[in-house]
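# Report on the structure
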Amino acid sequence: MLDFNERRKVFITCKDRSVTYLEKEVRELGFVPESVQRTGIELIASMEDCMDLNLHLRTASHVLFEIKSFYLRHADDIYRRVKAINWEEYLDVDGYFSINSVADNESVTTPLIVNVKIKDAIVDRFREKFGRRPDSGSEFSGAVFQMFWKETQATLYINTSGDTLAKHGYRKIPGKAPMMEDLAAATIYATEWNTRVPFINPMCGSGTLAIEAALMATKRYPGLYRSHYAFMSILGYDESAYHAKIKKLEAKIVEVPEVKIIASDISLQAISFAKENAMTAGVDHMIDFQVCDFAETEIPEKPRGVIMFNPEYGERLGEETELEQTYRRIGDFMKQKCAGYRGYIFTGNLELAKKVGLKASRRIEFWNGTIDCRLLKYDLYEGKRD
Ligand SMILES: C[S@@+](CC[C@H](N)C(=O)[O-])C[C@H]1O[C@@H](n2cnc3c(N)ncnc32)[C@H](O)[C@@H]1O
């Protein structure tokens, strides 16, 4: 079985354009990256550390623990190379596993062929050794193995997360055009909100930004809302160590009643979804929910904080003209009512953003799926308040 204290290469993946925020989180947990790449961070760590990374990281997708890195020229060589690996160190013969792979090699004609060859090699090795084999399938409900293969360099990893870490587990009702939780967290980190001043989120939809802000302010980590990770199916996993880590997570929670987090939306239904999600996350007591036009949102006088909008981008024809007016009104509202605050708009429509009528002091790039997005920062200087 695998020694959960043995240190090896670990690769933590994240969305493109989120790696700066992932690096900040990784360093705050006391890890030192070996290298920071476009969509991930490499470091040296143990499976035990991977458990902590899975439980804490808000902006990561998967935490991968290296099994073996090797030269691989052709898809025909996969079976032999993979079969030679000591799989019984990682996987119970009566266990369940799935394979995921990303291959960039000209011998790969269909992406699934790589998964099938890896699966066959593992299964045949067990069958030859034990006369029976672990079950396999596409559900990430057991052990998950991941291959990255580029040209002639292949690396096999234990995917210690299984299902993506991008979902933080509290959002049972998504509402209309919700932000993914990892992206919401990354955008809040990008605002450099210090978690002690007000965080105002008009047009909150299902409440993702306000809930993520409340989680950060109270040091509630995603591991509190999820009970299954793929590391649980790797030989050497100690359930009592996991429970001890959950206890530590619970002990980290701090209540900060003085911090004002306000979430508003014009839709009563959106607010009721947002409240339910906040309740699941255990932070409903931290957030003032208001059903109103964004321009009626309460803006606390002191201390000044961060106000963040995620308006619709107008993906369907005819929507844009109506939204132009909304973006214009957001600009007027920030200028007239939010002096002293730092204003942010997260949008995937830069033409609409021009209607805000304020000059952005920063334009931070993000991807929301395939949509090229910006988090626009507006310095709303005092003295401009009406
Ligand atoms: C893109 S969604 C926000 C999604 C949100 N970030 C989330 O993760 O769920 C935009 C929201 O703006 C709300 N909205 C549209 N016009 C509004 C207005 N004039 N005042 C307040 N809210 C409005 C919609 O009801 C919708 O929930």
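Residues numbered from 1 in each chain as written. Predicted model: local features only at pLDDT ≥ 70, side-chain atom pairs only at ≥ 80, totals over all residues. Heavy atoms only, no water.

### Points about the overall build of the protein chain
Helix and strand counts for the protein chain stand at 10 helices and 15 strands. For 386 residues, the compact-globule estimate of 2.2 N^0.38 gives 21 Å, and the protein chain sits close to it at 23 Å. Principal-axis analysis of the C-alpha atoms gives the protein chain an extent of 80 × 45 × 35 Å. Buried residues in the protein chain amount to 54% of all 386 residues. Considering only contacts within the protein chain whose residues lie at least 6 apart along the sequence, 78% involve residues at least 24 apart. In the structure as shown, the protein chain presents an accessible area of about 17,500 Å², 49% of it carried by carbon and sulfur atoms. (Helix = DSSP H or I, 4+ residues; strand = E, 2+ residues; numbered from the N terminus. Rg over C-alpha atoms; globule rule 2.2 N^0.38 Å. Buried < 20%, exposed > 50% of the residue type's maximum accessible area, 1.4 Å probe, protein only. Contact = heavy atoms within 4.5 Å. Areas by Shrake-Rupley, 256 points an atom, 1.4 Å probe, with all protein chains shown as cover.)

### Quick word on the domain arrangement of the protein chain
Partitioning the protein chain into domains gives domain 1 (7–159) and domain 2 (181–220 + 254–379). Spacing between the C-alpha centres of domain 1 and domain 2 amounts to 36 Å. Taken together, the 10 residues of domain 1 in the interface contact 17 residues of domain 2. Summing both partners gives a buried area of about 1,200 Å² for domain 1 against domain 2, and 51% of it is carried by carbon and sulfur. (Domains from an automatic or database assignment. Buried area = accessible area lost by both parts, 1.4 Å probe.)

### Notes on the sheet that holds strand 8 (residues 153–159)
Across the sheet, 8 strands lie side by side as 2-3-1-4-8-7-5-6; this open sheet has mixed pairing. Looking along the sheet, the strands with just one partner apiece sit at the ends: strand 2 (35–37) and strand 6 (135–136). Inspection of the sheet shows strand 2 paired to strand 3 (residues 40–46) by 3 bridges, in the antiparallel sense. From the neighbouring strand, Ser-35 faces strand 3, where its bridge partner is Glu-42. This element, helix 1 (residues 19–28), spans strand 1 (7–14), strand 2, strand 3 and strand 4 (60–71) of the sheet and lies at about 20 degrees to strand 3. Docked against the sheet, helix 4 (residues 112–130) engages strand 5 (96–104), strand 6, strand 7 (143–150) and strand 8, running at close to 140 degrees with respect to strand 5. (Pairing = 2+ DSSP bridges. Axes fitted to C-alpha atoms, helices over the stretch in contact; angles between N-to-C directions.)

### Some thoughts on the site of the ligand
As a structural note, the neighbourhood of the ligand is formed by 17 residues, with Ser-206, Thr-208, Asp-265, Asp-293 and Asn-310 the closest of them. Contacts to the ligand include Asp-293, whose side-chain N or O atom sits 2.9 Å from a nitrogen atom. Considered on its own, the ligand offers 610 Å² of accessible surface; in the complex 92% of this is hidden by protein. The residue makeup of the shell around the ligand, split by class, is 8 nonpolar, 5 polar and 4 charged. (Near = heavy atom within 4 Å. Polar contact = N/O pair within 3.5 Å; in protein donor to acceptor, adjacent residues only side chain to side chain. Nonpolar A, V, L, I, M, F, W, Y, C, P; charged D, E, K, R; others polar.)

### Description of the UniProt feature "domain: THUMP" (unreviewed entry) in the protein chain
UniProt tags residues 74–136 as "domain: THUMP" (unreviewed entry). For residues 74–136, the helix share is 40%, the strand share is 17%, and the end-to-end C-alpha distance is 24 Å. (UniProt positions renumbered as here; feature names shortened; annotations may be inferred.)

### Here's the deal with the packing of aromatic side chains
For the structure on display, the rule yields 15 aromatic pairs. Taking 6.3 Å as the distance between ring centres and 55 degrees as the angle between the ring planes, the aromatic pair formed by Phe-231 and Tyr-242 counts as tilted. Here Phe-231, found in the loop between helix 6 (208–217) and helix 7 (239–252), pairs with Tyr-242, found in helix 7; they are 11 residues apart in sequence, far enough to count as distant. When sorted by exposure, Phe-231 lands in the same class as Tyr-242, which is buried. (Phe/Tyr/Trp six-rings, centres within 6.5 Å; stacked < 30°, edge-to-face > 60°.)

### Quick look at a positive patch on the surface
Taken together, Arg-196, Lys-219, Lys-248 and Lys-252 make up a surface patch of like positive charges. With respect to the helices and strands, the residue Lys-252 is situated in helix 7. (Patch = residues over 30% accessible without salt bridge, like charges linked within 9 Å, V, L, I, M, F, W, Y side chains within 5 Å. Salt bridge = Lys/Arg side-chain N within 4 Å of Asp/Glu carboxyl O. Lys, Arg positive; Asp, Glu negative; His and termini not counted. Charge placed at Lys NZ, Arg CZ, Asp CG, Glu CD.)

### Side note on helix 1
Listing the buried residues of helix 1 in full gives Val-19, Tyr-21, Leu-22, Glu-23, Glu-25 and Val-26. Of the residues trailing helix 1, Gly-30 is marked for its positive phi of about 95 degrees.

### Remarks on the sheet that holds strand 15 (residues 371–379)
Read across the open sheet, the 7 strands follow the order 11-10-9-12-13-15-14; overall the sheet is mixed. Every other strand in the sheet has two partners, leaving strand 11 (287–291) and strand 14 (362–368) as the edge strands with one partner each. Here the average twist between neighbouring strands, direction ignored, is 20 degrees. Across 2 bridges, strand 9 (residues 199–201) lies against strand 12 (residues 306–309) in parallel orientation. Residue pairing across strands places Ile-200 opposite Ile-307, the latter belonging to strand 12.

### Looking at the packing of helix 2 (residues 47–56) against helix 7
Interhelical geometry of helix 2 versus helix 7 gives an angle of 40 degrees and a closest axis separation of 11 Å. When the interaxial angle is binned, helix 2 and helix 7 end up oblique. As for how helix 2 packs across helix 7, the hand of that crossing is right-handed. Of the residues in helix 7, those touching helix 2 at Glu-48, Met-51, Asp-52, Leu-55 and His-56 are Ala-241, Tyr-242, Lys-245, Ile-246, Leu-249 and Lys-252. Residues that form the contact of helix 2 with helix 7 fall into these classes: 6 nonpolar, 1 polar and 4 charged. (Parallel < 35°, antiparallel > 145°, perpendicular 65-115°, else oblique. Left-handed = near helix turned anticlockwise from the far one by under 90°.)

### Considering the nonpolar core
Core analysis: the largest hydrophobic core is formed by 65 residues, its most contacted members being Trp-193, Ile-261, Ile-287, Ile-307 and Phe-366. With near-sequence residues (within four places) excluded, Phe-366 lies in contact with Arg-17, Ser-18, Tyr-21, Leu-183, Ala-186, Thr-187, Ala-190, Phe-346, Ile-371, Asp-372, Cys-373 and Leu-375. Residues Ala-45, Val-82, Val-123 and Ile-158 belong to the second largest nonpolar core, which totals 58 residues. (Core = buried A, V, L, I, M, F, W, Y, C linked by side-chain atoms within 4.5 Å.)

### Observations regarding unusual backbone geometry
Negative phi characterises most residues that are not glycine, and trans characterises most peptide bonds. Each neighbour pair has its own omega, and for Lys-302 with Pro-303 the value is -10 degrees, a cis peptide bond. Its place among the elements puts Pro-303 in the loop between strand 11 and strand 12. Phi is positive for Arg-17, close to 80 degrees, though the residue is something other than glycine. Looking at where Arg-17 falls in the secondary structure, it is placed in the loop between strand 1 and helix 1. The residue Lys-219 is not glycine, and still its phi comes out positive at about 55 degrees. Looking at Lys-219, the relative accessible area reads 39%, which means it is partly exposed.

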